[in-house]
Amino acid sequence: MRKLLVIISSFLIIGGSFLFLAGFAMNNFDIMVLSTDTKIERKVEIFKEVNNIKIDEDTNDIKIIKSLTDEYKVNYGESKKNKYNIYIDDNNNLIIKREKTLNFINLITQENPLIIEVPESFNKDLVIDTSTGNVEINIDNKINNFDLTFSTADVRVHNITCNDIVLNGSTGDAYISYVKVLNNTEIKLSTGEVEIINLETTSLKVDVNTNDIDLENITADTINLETSTGDIIFNNLEFKKMYIQTSTGDVEGSLNHTINNYNITSHCNTGENNLPSKLDGGIYTLNVQVSTGDIEIIFAKN
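What comes next is a walk through the structure. (Residues numbered from 1 in each chain as written. Predicted model: local features only at pLDDT ≥ 70, side-chain atom pairs only at ≥ 80, totals over all residues. Heavy atoms only, no water.)

1. Quick look at the packing of aromatic side chains
As a reminder of what qualifies: Each Phe, Tyr or Trp ring (for Trp, its six-membered ring) is paired with any other whose centre lies within 6.5 Å, and the angle between the two planes then decides the class: stacked below 30 degrees, edge-to-face above 60, tilted in between. Strands are runs of DSSP state E lasting at least 2 residues, helices are runs of H or I lasting at least 4, and numbering of each runs from the N terminus. Each residue's exposure class comes from its accessible area (1.4 Å probe, protein chains only) as a fraction of the maximum for that residue type: buried when under 20%, exposed when over 50%, partly exposed otherwise.
Here the structure, examined in full by the defined rule, presents five aromatic pairs. Ring centres 5.5 Å apart and planes at 45° place the aromatic pair Y262 and Y284 in the tilted group. In this pair, Y262 sits in strand β20 (residues 262-270) while Y284 sits in strand β22 (residues 284-292), placing the two residues 22 residues apart along the sequence. A relative accessible area of 1% means that Y262 is categorised as buried. By relative accessible area, which is 17% here, Y284 ends up buried. Taking the centre distance of 5.4 Å and the plane angle of 55° together, the rings of Y262 and F299 count as tilted. Separated by 37 residues along the polypeptide, Y262 in strand β20 and F299 in the segment after β23 (295-298) bring together distant segments of the chain. What links up through ring pairs into an aromatic cluster is the set F239, Y262, Y284 and F299.

Put into structure tokens, the structure is as follows:
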């Protein structure tokens, strides 16, 4: 009897799967037909006076761009199962909070970005906490602090000036270009590539567990670069002190001064190393430690 029930259940599962695939094929394999929440209504909220901006998103992409007026505009999409709470709190902060939803099919298929336009006058904190959704910032503003926490996302930050930047994510790539940070720039990723072009900061710290770090045209007092598995590649760096550490990966780069201008400490367990293990007498500090991988750094010629 039990064997018969197993056979009947198997046929029902196979038959149901066949009907599902047949219906799916009749709709040109459009996964949106499975969603029970397909109608999205775009809305716009406008605000005049704002201190800080705090965003708590779930899955939608976030785009923050420069406003052509003196107003803050929040352009977003809502449906029956996807709602936002957008308001000004008691401290005059703009709060944008996405209500969590269990409508999984809807979440992974619909393009429904959250777009915030900020005026030139915005100069306070920008704080973003998102789960799964890309983040793009291009505002040409001088703000106080920028703090971004994400689970799975690609991040692009372009053309801003601020006091401090903190990016903390699990999975995703980070691209930063034409940014000026008066104090500290800190990036920490579990799995993802970090690419930074044209950054001026006092302190730069990049910690990546799995993937590469690629830097070009960086000016900083102190640079700390660390990867577990990944290469570190750089070009045209100006610094007073730079510390590089990788477990498995190559270190390749070029520096603007001759080798005698650097106090060098280097070590490579397994791989080739063109640096001296110890060199004193310079004015800049360079410390490179590699477990498995090559070290190849080119210095300016006399």
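2. Here's the deal with unusual backbone geometry
A positive phi is found at D140, a non-glycine position, where the angle reads about 55°. The residue D140 is located in the loop between β9 (135-138) and β10 (142-152) in this model. The class of D140 is partly exposed, set by a relative accessible area of 46%. The residue N217 is not glycine, and still its phi comes out positive at about 60°. The residue N217 is located in strand β15 (residues 213-219) in this model. For N217, a relative accessible area of 25% gives the class partly exposed.

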